[in-house]
2 protein chains.
Amino acid sequence: MSNADAVKTKKPRGTGRRLHGAIAHKLGVAILSGEFAPGDILSGEVAFSEALDVSRSAYREAVQVLTAKGLVESRPKAGTRVLPRSRWNLLDPEVLAWAFAGEPDITFIRSLFELRGIIEPAAAALAAERRTRDDLKAMKEALAGMSRHSLATDAGRAADRDFHDAILRATRNDALMVLSASIGAAVTWTTQFKLRARILPRNPIPDHRAVLDAIAAGDAAAASEAMRLLVDQALDDTQTSMAQ
Amino acid sequence: MSNADAVKTKKPRGTGRRLHGAIAHKLGVAILSGEFAPGDILSGEVAFSEALDVSRSAYREAVQVLTAKGLVESRPKAGTRVLPRSRWNLLDPEVLAWAFAGEPDITFIRSLFELRGIIEPAAAALAAERRTRDDLKAMKEALAGMSRHSLATDAGRAADRDFHDAILRATRNDALMVLSASIGAAVTWTTQFKLRARILPRNPIPDHRAVLDAIAAGDAAAASEAMRLLVDQALDDTQTSMAQ
DNA sequence: CCGAGACAATATGTCCGAGTAAATAGAAGA
DNA sequence: TCTTCTATTTACTCGGACATATTGTCTCGG
């Protein structure tokens, strides 16, 4: 009975995740924040696993996660190398979460909004053509949720996400629906930025209702335009809140 | 009596990948092809690892990869469950590869083209405004490569990918550049479909040149329109080749 | 007869140590 | 100087053991 083991009874429950998930989170945030730059080498499985106080198995499984998301690549003798940013799956919801865990790059946020400005108006147009009664029902419920709760609450932000999600689902396009998670994350985190900067976003209900009305009417062009306005205003709010 | 071990000298080098990568590939294809449907449970780590003739560590690392891509979720006692399709990271290059490994869903291919039809014209417009001299040079070289080699060759398809990739890079938008891998994959595999169906795609050079010229001229509207035509024609070719 | 709480069974999660294979750096030779 | 070979370093794979958490069941009480 090694008495040294008795001291080691600490439970490294850093997050609520599984252990390897927590390790992946830690490493992912470190990479996204630039602590480990592309080209850097995380050499030494044993060294890192010991430094993080986990077994090599847990560390390796964490590295597999990072590899699956295109953040690193590991080869014998060469070690585990951080890949260039172009290989990162930046639209992966988890990677996105890591990117926003630190202080996110303003340029990157603008990129996300530019993507929203491309995807969502087009999606709204498609939704106007293809939406079913159930889709409209989901949108209305989400909008009602936004009316009940402020965007300052989790419930309000969830309703906002649900609204945009319902539109993307109404496009009946799997590839677009996948982007829902990414775009939803962008919506949520940018909203939190505004709050962090003590900026109260203007009342979003009218803009959202305009989109809903156009989709319900089956007017693709109007839906696209209404959504474009909505995204533009959200970008304005975000930029002013980051400027200060 | 370990003489049975001596027989076990076989090298299960299924693919060129690492072992856990090969397992992940096998499981990923099985899931994408519908062999394992959402909700199905891959219960029994030991059973699966033995069935695949690999250690439990290798199997677990493979499952971590699938988990990272949103294909499965595993919990103690409950087993490893295949997640609903909406949770899959269908735009992940590796997942896309698994989707095209079997016989891909026509609906899904149409979804990808719809996404291209949204992204690429908008990207071309942005590229027209932001392209540098180096960007134009890359596009010209890619176009030259397409002229030299037919799309029936790997080199030709690579040049095609390079062309679209250069445009997305010229947008100076990280979020759009990430989609490059996905869209590039869609371009490559759909081109191969046409070949498999003995359909010779029409000469793609003029269409591509039109896009390049508009971007070089800095005419965003023209670039967008030219790209829209290009994608539409590619979709036409693909649909006719799949119809037969 | 039905519901709530305790309990045990089971599958995943974690850890350990050894041995294998591969890729790069260095040494030896041409 | 260039090529080839060796040798070391590093990731990769394996098998086993223990810990942990969830779930289904069983019992007890209403």
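Not measured: the values here are computed from a predicted model.

**Student:** I tried to follow the interface of chain A and chain B on my own but got confused; where do I start?
**Tutor:** Interface size is commonly expressed as the accessible surface area that is lost when the partners come together. Each partner contributes residues to the interface: chain A has 27 residues there, and chain B has 27 residues. Within the residue set of the side of chain A that touches chain B, elements represented by two or more residues are helix H4 (56-68), helix H6 (106-130) and helix H9 (174-196) of chain A. A total of eight residues in the side of chain A that touches chain B trace back to one element, the largest contributor, which is H6(A). Classifying every residue of the side of chain A that touches chain B gives 14 nonpolar, seven polar and six charged.

**Student:** What is the right way to read the protein's contact with DNA strand D from this model?
**Tutor:** As a matter of local geometry, DNA strand D sits amid 22 residues, with Glu45(A), Leu19(B), Ser55(B), Ala58(B) and Lys77(B) nearest to it. When contributions to the surface near DNA strand D are tallied by element, the ones reaching two or more residues are strand E1 (72-75) and strand E2 (79-82) of chain A together with helix H2 (19-32) and helix H4 (56-68) of chain B. With three residues, the single largest contributor to the surface near DNA strand D is H4(B). For the surface near DNA strand D, the residue count by class is six nonpolar, eight polar and eight charged.

**Student:** Would you mind going over the relation of the copies chain A and chain B with me for this structure?
**Tutor:** Here two copies of a chain appear, and what relates them is a rotation about an axis with a shift along it. Structural alignment of chain A on chain B gives an RMSD of 0.1 Å, achieved by rotating through 180° and translating 0.0 Å along the axis. The operation mapping one copy onto its partner corresponds to a two-fold rotation axis. When the interface residues of chain A are mapped onto chain B, 100% of them again fall at the interface, so both copies present the same face.

**Student:** Hey, could you run me through the environment of Leu83(B) in this one?
**Tutor:** All names here are of chain B. Along the chain, the position of Leu 83 falls in the loop between strand E2 (79-82) and helix H5 (93-101). Leu 83 gets classed as partly exposed once you count the C-beta atoms within 10 Å, which come to 17. Separated by 16 residues in sequence, Leu 83 and Thr 67 have C-alpha atoms that sit 9.3 Å apart. Leu 83 has contacts with Pro 38, Gly 70, Leu 71, Val 72, Glu 73 and Trp 88, leaving out every residue within four places of it along the chain.

**Student:** Explanation requested: the protein's contact with DNA strand C in the structure shown.
**Tutor:** What surrounds DNA strand C is a group of 21 residues, the closest being Leu19(A), Ser55(A), Ala58(A), Lys77(A) and Glu45(B). Of all the secondary structure elements, the ones that give two or more residues to the surface near DNA strand C are helix H2 (19-32) and H4 of chain A together with strand E1 (72-75) and E2 of chain B. For the surface near DNA strand C, the class distribution of residues is six nonpolar, eight polar and seven charged.

**Student:** Is there a simple way to think about the domain arrangement of chain A in this case?
**Tutor:** Along its sequence, chain A is carved into domain 1 (3-87) and domain 2 (104-243). Once you take the C-alpha centre of each, domain 1 of chain A and domain 2 of chain A turn out to be 35 Å apart.

**Student:** Where do I start with unusual backbone geometry in this structure?
**Tutor:** Trans peptide bonds make up the majority, and among non-glycine residues the majority have a negative phi. Residue and element names in this part refer to chain A. The backbone of Asp 53 sits at a positive phi, close to 60°, despite the residue not being glycine. You can see Asp 53 is positioned in the loop between helix H3 (45-51) and H4. Accessibility expressed as a C-beta count within 10 Å gives 11 for Asp 53, which makes it exposed.

**Student:** Teacher, can you tell me more about the packing of helix H7 (residues 133-148) of chain B against helix H10 (residues 205-217) of chain B here?
**Tutor:** To characterise two packed helices, one gives the angle between the axes of the helices and the distance between these axes. Residues and elements named next belong to chain B. The contact between H7 and H10 brings their axes to 11 Å, and the two run at 170°. If you check the angle between H7 and H10, you find them roughly antiparallel. Residues Leu 136, Met 139, Lys 140, Leu 143, Met 146 and Ser 147 of H7 touch H10, and the partners they reach there are Ile 205, His 208, Arg 209, Leu 212 and Ala 216. Residues that form the contact of H7 with H10 fall into these classes: seven nonpolar, two polar and two charged.

Rules used in this analysis
Residues numbered from 1 in each chain as written. Chains lettered and ligands numbered in written order. Predicted model: local features only at pLDDT ≥ 70, side-chain atom pairs only at ≥ 80, totals over all residues. Contact = placed C-beta atoms within 7 Å. Helix = DSSP H or I, 4+ residues; strand = E, 2+ residues; numbered from the N terminus. Nonpolar A, V, L, I, M, F, W, Y, C, P; charged D, E, K, R; others polar. Near = placed C-beta within 6 Å. Least-squares fit on C-alpha atoms with pLDDT ≥ 70 in both. Buried ≥ 20, exposed ≤ 12 C-beta atoms within 10 Å, placed from the backbone. Domains from an automatic or database assignment. Axes fitted to C-alpha atoms, helices over the stretch in contact; angles between N-to-C directions. Parallel < 35°, antiparallel > 145°, perpendicular 65-115°, else oblique.

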